[in-house]
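# Structural overview
So the chains spell out like this:
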Amino acid sequence: MATITGIQPRVLVRASGGPRYVVALAVDALGTGLLRPFLLLYGVTVLRLSAPVTGTAMTVGIVAGLVCMPSVGRWLDRGARSTVVAASMLVRVLGVALLLAAPEGHIWLFATASLFLGIGNQAWPAAHAALVATVAHGRERDTALARARALRNAALGVGALLATACMAGGTTALRALAAVTALAYLAAAALAWSVHVHAHPAEAAPAKDRDDEPAPRMLALLAANVIYVFCLNVPEIALPLVLVTQLHASPVWPAVVFVSNTALVVTLQVPVTVLMSRFSRRTVLALSGVVLAASYLGFLAATSLGHGWATAAVAAVSVVCTIGEIIYAGSATALVTALAPTHVLGRALARFQLSTGFGLAVSPAVITTLAPHGPAALWGSLAAATLLSASAVATEKDQATRFSGCRPRARAGL
């Protein structure tokens, strides 16, 4: 099995879609980092909506955004690549424009804005993965996907820091942040569209086979992914809840955990993905579940310590959880792109994004419901569910297909 033993920056940039596309990813993530952490605050502070109403509107927008995924998958399967990426960015421009146009107390405009932001946020991962799968192949593609995640996390962090620095300006500053976000999305969309990557699915397989062969079902993988993605909300929801409300630690500790998580993803995502390339993607994905389950059990043990040690122990175990997240992120999408025949790649990625979006949507409710029942209920349940998911991933049989090794030719001005 071929592996990537080194990281060559020029090769990696080309495999990621080219310099302009990499800049588009950074600009898009920077804009998202400016607004996403403060969207709730925008509704409460600028539009004078109640916190429950604002939160409900945001949740409905995110969930409703998932409804667009089947259409996105079919669009990708018709060969569109950079056009879909650009569209996912442009629809967020519309969402931010609605935020800026919304008068105080107007919940429906805010809800509609959240819907468009949700559509863009849900469509982007599948469109991006399809574009990278078109211009890169094999383990080079896996590393390119990992690099994009590291770059995105770095830009998200910078955007969030800039937004935090601007918060002293009150509602005026929040409106300015929204306007800058819209400009960032617009610039990113123009850059993404300009690379002109388009697949030719008609050349990837005979017409009869394209009509007869469905997308791989991957039921165990998709179901497991719903549980796996809980790890993405552990640093943002579970650990702050445990540290502040149960261990009565300073709010500084959740911030330290979050910053550490971001820094580790930025620095280790590519090296860890390259290191894991010597194993099969399915084995690596199953391993990530074992690491995540071990970290959840570590959190359970850490919270049982005295308050003098528990906080530091939870922070230390969070590093293990982040390693599990990095292994998961470097293998999950890569496995889907490897399993799916080229002519149904878009639909396969759309299904995977549906499972990811659903997991991200329900995990806050599940975590906040389990946490009051004690550490064993929260961390024990997460560990058991994740181990079960890892077992399902490891034992699922890959759907054999004549097309799994095919990749369409790309027409790209990179």
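Residues numbered from 1 in each chain as written. Predicted model: local features only at pLDDT ≥ 70, side-chain atom pairs only at ≥ 80, totals over all residues. Heavy atoms only, no water.

## Concerning the overall build of the protein
- In terms of regular secondary structure, the protein is built from 17 helices and two strands.
- Of all 414 residues assigned to the protein, the portion counted as buried reaches 52%.
- When contacts within the protein are restricted to residue pairs at least 6 apart in sequence, long-range pairs at least 24 apart make up 86% of them.
- By element, 69% of the accessible surface of the protein is carried by carbon and sulfur atoms, the whole surface being about 17000 Å². (Helix = DSSP H or I, 4+ residues; strand = E, 2+ residues; numbered from the N terminus. Buried < 20%, exposed > 50% of the residue type's maximum accessible area, 1.4 Å probe, protein only. Contact = heavy atoms within 4.5 Å. Areas by Shrake-Rupley, 256 points an atom, 1.4 Å probe, with all protein chains shown as cover.)

## A look at the packing of aromatic side chains
- Per the counting criterion, the structure on display carries three aromatic pairs.
- Both rings, one in Tyr-228 and one in Tyr-328, keep their centres 5.4 Å apart while their planes meet at 20°; by these two values the pair is stacked. Placement of the pair is Tyr-228 in helix H11 (residues 219-228) and Tyr-328 in helix H15 (residues 307-339), with a sequence separation of 100 residues. Grouping residues by exposure puts Tyr-228 and Tyr-328 together as buried.
- Put simply, the rings of Tyr-296, Phe-299 and Trp-379 pair up and form one aromatic cluster.
- Over the ring of Tyr-185 we find Arg-92, and its NZ or CZ is 4.7 Å from the ring centre. (Phe/Tyr/Trp six-rings, centres within 6.5 Å; stacked < 30°, edge-to-face > 60°. Lys NZ or Arg CZ within 6 Å of the ring centre and 35° of its normal.)

## Concerning the side chain of Arg-152
- If you trace the backbone, Arg-152 turns up in helix H8 (residues 138-166).
- Those residues within four positions of Arg-152 in sequence are excluded, and the remaining contacts are Leu-25, Asp-28, Ala-29, Thr-32, Arg-92 and Trp-124.

## A short note on the confidence of the model for the protein
- For the protein, per-residue confidence averages 85 on the pLDDT scale, and residues scoring 70 or more make up 88% of the total.
- Long-range and interchain partners of residues 1-5, a stretch whose pLDDT sits below 50, account for 15 contacts in this model, where long-range means more than four residues apart.
- Confidence over residues 400-414 falls short of pLDDT 50; this stretch has 54 contacts with residues more than four positions distant or in other chains. (pLDDT = per-residue confidence, 0-100.)

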